[in-house]
Amino acid sequence: MKTKESGPRATEPGIHESVAARVRAVTDRVARACERSGRHPDAVTIVAISKTFDLEHIRAAAAAGLKHFGENRVQEAQQKAPYAPDGLTWHMVGGLQRNKAKAAAGLFNIIQSVDSLRLARAIDRAASEEMPVLVQANVTGNPRQHGLAPDEIIDTIRSIDAETSLKLAGLMTIAPFVDDETTLRRSFSDLRDLLERVRDAVPDQPWTHLSMGMTNDFELAVEEGATIVRIGRAIFGDRR
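Reading the values: rules and limits
Residues numbered from 1 in each chain as written. Predicted model: local features only at pLDDT ≥ 70, side-chain atom pairs only at ≥ 80, totals over all residues. Heavy atoms only, no water. 1 Å grid on protein atoms, 1.4 Å probe; cavity = no way out; pocket = protein on both sides within 12 Å on 5 of 7 lines; lining within 4 Å. Points joined across faces, edges and corners; volume = space filled by probe spheres on them. Helix = DSSP H or I, 4+ residues; strand = E, 2+ residues; numbered from the N terminus. Axes fitted to C-alpha atoms, helices over the stretch in contact; angles between N-to-C directions. Parallel < 35°, antiparallel > 145°, perpendicular 65-115°, else oblique. Left-handed = near helix turned anticlockwise from the far one by under 90°. Contact = heavy atoms within 4.5 Å. Nonpolar A, V, L, I, M, F, W, Y, C, P; charged D, E, K, R; others polar. Pairing = 2+ DSSP bridges. Right-handed = clockwise from strand over helix to strand, strands pointing away. pLDDT = per-residue confidence, 0-100. Salt bridge = Lys/Arg side-chain N within 4 Å of Asp/Glu carboxyl O. Buried < 20%, exposed > 50% of the residue type's maximum accessible area, 1.4 Å probe, protein only. Core = buried A, V, L, I, M, F, W, Y, C linked by side-chain atoms within 4.5 Å. Phe/Tyr/Trp six-rings, centres within 6.5 Å; stacked < 30°, edge-to-face > 60°.

**Student:** Tell me what's going on with the layout of surface pockets, and back it up with residues and numbers.
**Tutor:** What the largest pocket holds in volume is close to 640 Å³. Lining the largest pocket are 25 residues, with Lys51, Ile174, Phe177, Met214 and Arg230 positioned closest to its centre. In this model, the second largest pocket occupies a volume close to 230 Å³. As for the second largest pocket, its lining consists of 15 residues, and the residues nearest its centre are Thr27, Val44, Ile46, Gly65 and Leu66. Elements with a minimum of two residues in the lining of the second largest pocket: helix 1 (15-36) and strand 1 (45-49). Counting residues per element, the lining of the second largest pocket draws most heavily on helix 1, which supplies six residues.

Right, dumping it as structure tokens:
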């Protein structure tokens, strides 16, 4: 049986130094974005997206001070989370199938990609305690992206609130893959405005977080109110 000591380890030289340098750069960029928008850096959680990267990259980022890590697939998380350093918080950030809800509930501390009442029910049945989740919103209208449309999200959230014991901790979105700052800011501000509507409609839930912004756009997201940014390439380098 594998243990944390016997789990796979990478031998690539200099990995800790390169990851630590990237973590410092990302942390500084978040702090400067907070300063520009009158926020405290502690208001923003950096989630290191470790998909396709091995345990040594996770160990390096954890040694550099990061405590939150995200994975897109349950199967990949099963190969990493049990062998990673203690004390980390694991986020499920990818699309989740209902038949993987039980495994996800046992692996992750928070699931950011709830996009239907049926998935919420499956997670709730599998979770041993109140599980924090984020509801994924599709604010771009792109049918190839996961997430609930803004005009259906409040009814779905009301049903999740009524029918499950899940802790509704906030909203998540994926911005369009464009370089236009105006378009990106509009996506982020739309999610911020949607969170205010959701808070009014379902006031007895935490609604703490706005998870928005990735490597290409996280500074804009922070300026528009993100409390969670999901950073992969800027921390770990190009995907393997």
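**Student:** Can you lay out the packing of helix 1 against helix 2 (residues 55-63) for me, pointing to particular residues and giving the numbers?
**Tutor:** The interhelical angle for the contact between helix 1 and helix 2, taken along N-to-C directions, is 50°, at an axis separation of 8 Å. Our classification of the angle between helix 1 and helix 2 gives oblique. By crossing handedness, the relation of helix 1 to helix 2 is classed as right-handed. Here Ile15, His16 and Val19 of helix 1 come into contact with helix 2, specifically with Glu56, His57, Arg59, Ala60, Ala61 and Ala63. Taken together, the residues that form the contact of helix 1 with helix 2 break down as five nonpolar, two polar and two charged.

**Student:** Let's hear about the pairing of strand 3 (residues 89-92): which residues, and what values?
**Tutor:** Taken together, the four bridges between strand 2 (residues 68-71) and strand 3 define a ladder with parallel strand orientation. Within the sheet, the bridge partner assigned to Glu71 lies in strand 3 and is Met92. Across two bridges, the pairing between strand 3 and strand 4 (residues 110-114) is parallel. Looking at strand 4, one finds that Met92 is bridged to Ile111. Following the chain from strand 3 across helix 4 (residues 101-107) to the adjacent parallel strand 4, one finds a crossover that is right-handed.

**Student:** Lay out the confidence of the model for the protein chain with the relevant residues and their values.
**Tutor:** In the predicted model, the protein chain carries a mean pLDDT of 93, and the fraction of residues at 70 or more is 94%. In the model, residues 1-11 has pLDDT below 50 throughout and makes 16 contacts with residues more than four positions away in sequence or in other chains.

**Student:** I'd like a description of the pattern of salt bridges, backed by residues and values.
**Tutor:** Applying the stated criterion to the full structure yields 13 salt bridges. In this structure, the salt-bridge partner of Arg32 is Asp28, at a minimum N-O distance of 2.8 Å. Remark: Asp28 and Arg32 occur in helix 1; sequence separation between them is four residues, near one turn of the helix. According to the relative accessible area criterion, Arg32 is partly exposed, its value standing at 38%. Asp28 sits in the partly exposed class, given a relative accessible area of 39%. A salt bridge links Glu76 to Lys80, with the shortest nitrogen-to-oxygen separation between them at 2.6 Å. Within the structure, one salt-bridge network assembled from shared partners comprises Arg36, Glu181, Arg185, Arg192, Glu223 and Glu224.

**Student:** Got a sec to walk through the nonpolar core? Specific residues and values, please.
**Tutor:** Ranked by size, the top nonpolar core spans 74 residues in total, and within it Phe69, Phe108, Ile111, Ile153, Leu171 and Ile235 carry the most contacts. Setting aside anything within four residues of it in sequence, one finds Ile111 in contact with Met92, Leu96, Ala104, Ile123, Met131, Pro132, Val133 and Leu134.

**Student:** Quick rundown of the environment of Arg158? Include the residues and the values.
**Tutor:** Looking at the secondary structure, you find Arg158 in helix 6 (residues 150-163). By relative accessible area, which is 43% here, Arg158 ends up partly exposed. In the structure, Arg158 is positioned 53 residues away from Ala105 in sequence and 22 Å away in space, judged by C-alpha atoms. Setting aside anything within four residues of it in sequence, one finds Arg158 in contact with Ala201 and Val202.

**Student:** Describe in detail the packing of aromatic side chains, supporting the description with residues and values.
**Tutor:** Inspection of the entire model under this criterion finds two aromatic pairs. Here the aromatic rings of Phe69 and Trp90 are separated by 5.8 Å at their centres, their planes lie at 35°, and the arrangement is tilted. Placement of the pair is Phe69 in strand 2 and Trp90 in strand 3, with a sequence separation of 21 residues. Comparing Phe69 with Trp90, the two get one shared label, buried.

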